[in-house]
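# Remarks on the overall topology
As a plain string of letters, each chain reads:
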Amino acid sequence: MNKRFRLAAVAAAALLAATLAQADINVGVSVSATGPAASLGIPEKNTIALLPKSIAGQKVNYVVLDDATDTTAAVSNARKLVSEHKVDILLGSTTTPNSMAMTDVAAESQTPLISMAASARIIEPMDAKRRWVFKTPQNDIAMSLAIAEHMAAAGVQTVGFIGFNDAYGEGWYQEFAKAAALKKIRIVANERYARPDTSVTGQVLKLMAARPDAVLIAGAGTPAALPQKTLKERGYAGKYYQTHGVANADFLRVGGKDVEGTFLPSGPVLVAEQLPANHPVKKSAMAYVTAYEAAYGKGSVSTFGAHAWDAGLLMANAVPAALKKAQPGTPEFRAALRDALEQTKELAGAHGIFSMTPNDHLGLDQRARVMVKIENGAWKYQPGAQP
C-alpha cells in the first residue's frame, strides 16, 4: 500500500511539473501610443506584434497598454500589469519620464523591466531599484560624444542648447556639456520648452542673441521640430543638430524643408541599407527592417520600433536560461529572467551589439551609433563622420 501511495505521489508530482512547464510567459507592455510621444510609441506598439509568440517551447502572451505619454498613466499601467495580469516581465515605456516612473513598480514587484527610452538615468547609478531595470536605446553620453566630435570636425566653437524641460532634456544637457568640454566647445545658451508647447519664440530669440555657431535641439519625436522651424523663420543660418530622439518619418514630415541639412547621431538601423557590408550591425539591423516593412510597408521602419525589437530579442535570449531555474508566473522565474538579462553577451540587435554586466544594463558600445544627415527629406549615412 505504501509503495502504491509513493508511486502515485511521484506520478502526481510529475504531472504537476509537466503542467507547470506549460505555463505561459506573460509580457506586460506600456507604450505612448497617443499624446506628444505618439510618433515614437506607435512603431513600438506595431513592433510588439512582431515579437515571438513562443520561446523555448513556451507560449508567450503580450498585454499592451497605452500610457498616452503621461507618467501617472505609465505607473497605473505597470501596477495593473503586475497585479492583475501577473506578468513575468515589463517592456516600456516610450519616454524617459514614464520609464523612470515605472522603475518603482518594477523594483517593488521584483519584475524585470526593459525600457525603450534613452536617458542613462533610467539605469544609472546602479542601485537596488535599478538592478531590475534594463534599456535598449543608446545612452546620451555616447550620442553626445558623436555630436561633439562632428561639431569639432566642422569647426564649431560655440553652441546653443534647447531641450525638453524634463528628464530627457536635462539628461542630454548634462551629458552634452561633458562632451562639448572635451572638444573645447562652449555652450553659450541653455533653453528649455515643454513637449506640448506650440511656441518657443522667446527661447529662440535668446538663442539667436548668443550668436552660436550651431544649435543642438534635445527633443524627441515631432515636438523636436518646433525650435528648428522657429529658428529657420527667424533667419538663423548656423548648423543644426538634433538627437537620436527624432529618427522617424514623422519628424521628417513635420519638419519638412526646415530640417534639411540637419545632423544627428542614430542607431545603425536608421540607415541599415546604406551601411557597408562589413558593418557589424548591418545583418541584424536588416532583419528588423525586413520584418517591419513586410508587415507595415516599404519605408515605414522607425528606430523607435527597433528599440522594442531589441527589447524582444533580449527577452527571447534570456528566457531559455530562466526556464532552467524556474517556471513562468513565479517570483523565482522573474528573478532568473533578471539574472539572465544581466548575463547577455554579444547579442546582435537592430541598434547594436548588447553585452550586459551587473553595472551596465545597456551593454552597447561604439558599434551602436552612426552619424546621419537629412538630405532631400531622407536619412543619409555619413561614413566619414563616424566616432
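Residues numbered from 1 in each chain as written. Predicted model: local features only at pLDDT ≥ 70, side-chain atom pairs only at ≥ 80, totals over all residues. Heavy atoms only, no water.

## Here we look at the sheet that holds strand β4 (residues 89-92)
Sheet architecture is open: six strands sit in the order β2-β3-β1-β4-β5-β6, paired in mixed fashion. In the strand order of this sheet, the two ends are held by β2 (54-55) and β6 (133-135), each with one partner. Sheet topology places strand β1 (residues 25-31) next to strand β3 (residues 58-66); seven bridges connect them, and they run parallel. Each residue of the ladder has a partner; that of V31, found in β3, is D66. The strands touched by helix α4 (residues 96-109) within the sheet are β1, β4, β5 (113-115) and β6, with β5 carrying the most contacts at an inclination of about 175°. (Pairing = 2+ DSSP bridges. Helix = DSSP H or I, 4+ residues; strand = E, 2+ residues; numbered from the N terminus. Contact = heavy atoms within 4.5 Å. Axes fitted to C-alpha atoms, helices over the stretch in contact; angles between N-to-C directions.)

## As for the confidence of the model for the chain
Parts of the prediction with low pLDDT should not have their coordinates interpreted in detail. Chain-level pLDDT for the chain is 94 on average; 93% of the residues reach the 70-or-more range. Across residues 16-21, where pLDDT falls below 50, the model places three contacts with residues more than four positions away in sequence or in other chains. (pLDDT = per-residue confidence, 0-100.)

## Brief notes about the side chain of N248
Examined against the element boundaries, N248 turns out to sit in the loop between β10 (239-242) and α9 (249-255). A polar contact is formed between the side chain of N248 and the backbone oxygen of S39, at a distance of 3.0 Å. If sequence neighbours within four positions are ignored, N248 has contacts with S39, L40, S302, F304 and W379. (Polar contact = N/O pair within 3.5 Å; in protein donor to acceptor, adjacent residues only side chain to side chain.)

## Remarks on helix α10 (residues 282-296)
Counted at 1.5 Å a residue, the expected span for α10 with its 15 residues is 21 Å, and the 21 Å between its end C-alpha atoms agrees. Restricting attention to buried positions, one finds in α10 the residues K282, S284, A285, Y288, V289, Y292 and E293. Packing partners of the buried residues in α10 comprise α2 (38-48), α11 (303-323) and β12 (347-348). Two residues or fewer after α10 comes G297, characterised by a positive phi angle close to 105°. (Expected span 1.5 Å × (residues − 1). Buried < 20%, exposed > 50% of the residue type's maximum accessible area, 1.4 Å probe, protein only.)

## Points about the nonpolar core
Formed by 63 residues in total, the largest nonpolar core has its most connected members in V27, I89, L91, I114 and Y288. Of all the elements, α11 adds the most residues to this core, at ten residues. With residues up to four places along the chain from it excluded, the contact list for V27 reads V60, N61, Y62, V63, V87, I89, L91 and M315. Core analysis: the next-biggest nonpolar cluster, separate from the first, contains 53 residues, L226, L231, I374 and Y381 among them. (Core = buried A, V, L, I, M, F, W, Y, C linked by side-chain atoms within 4.5 Å.)

## Some thoughts on the packing of aromatic side chains
Tallying each qualifying case throughout the model produces eight aromatic pairs. Considering the side-chain rings of F164 and Y168, the 6.2 Å spacing of their centres and the 55° angle between planes classify their relative orientation as tilted. Note on F164: relative accessible area 0%, which makes it buried. Ring centres 5.2 Å apart and planes at 50° place the aromatic pair Y288 and W309 in the tilted group. You can see Y288 sitting in helix α10 and its partner W309 sitting in helix α11, a full 21 residues away along the chain. Its relative accessible area of 0% is what places Y288 among the buried residues. Among the aromatic residues, those joined into a cluster by ring pairs are Y288, Y292, Y296 and W309. (Phe/Tyr/Trp six-rings, centres within 6.5 Å; stacked < 30°, edge-to-face > 60°.)

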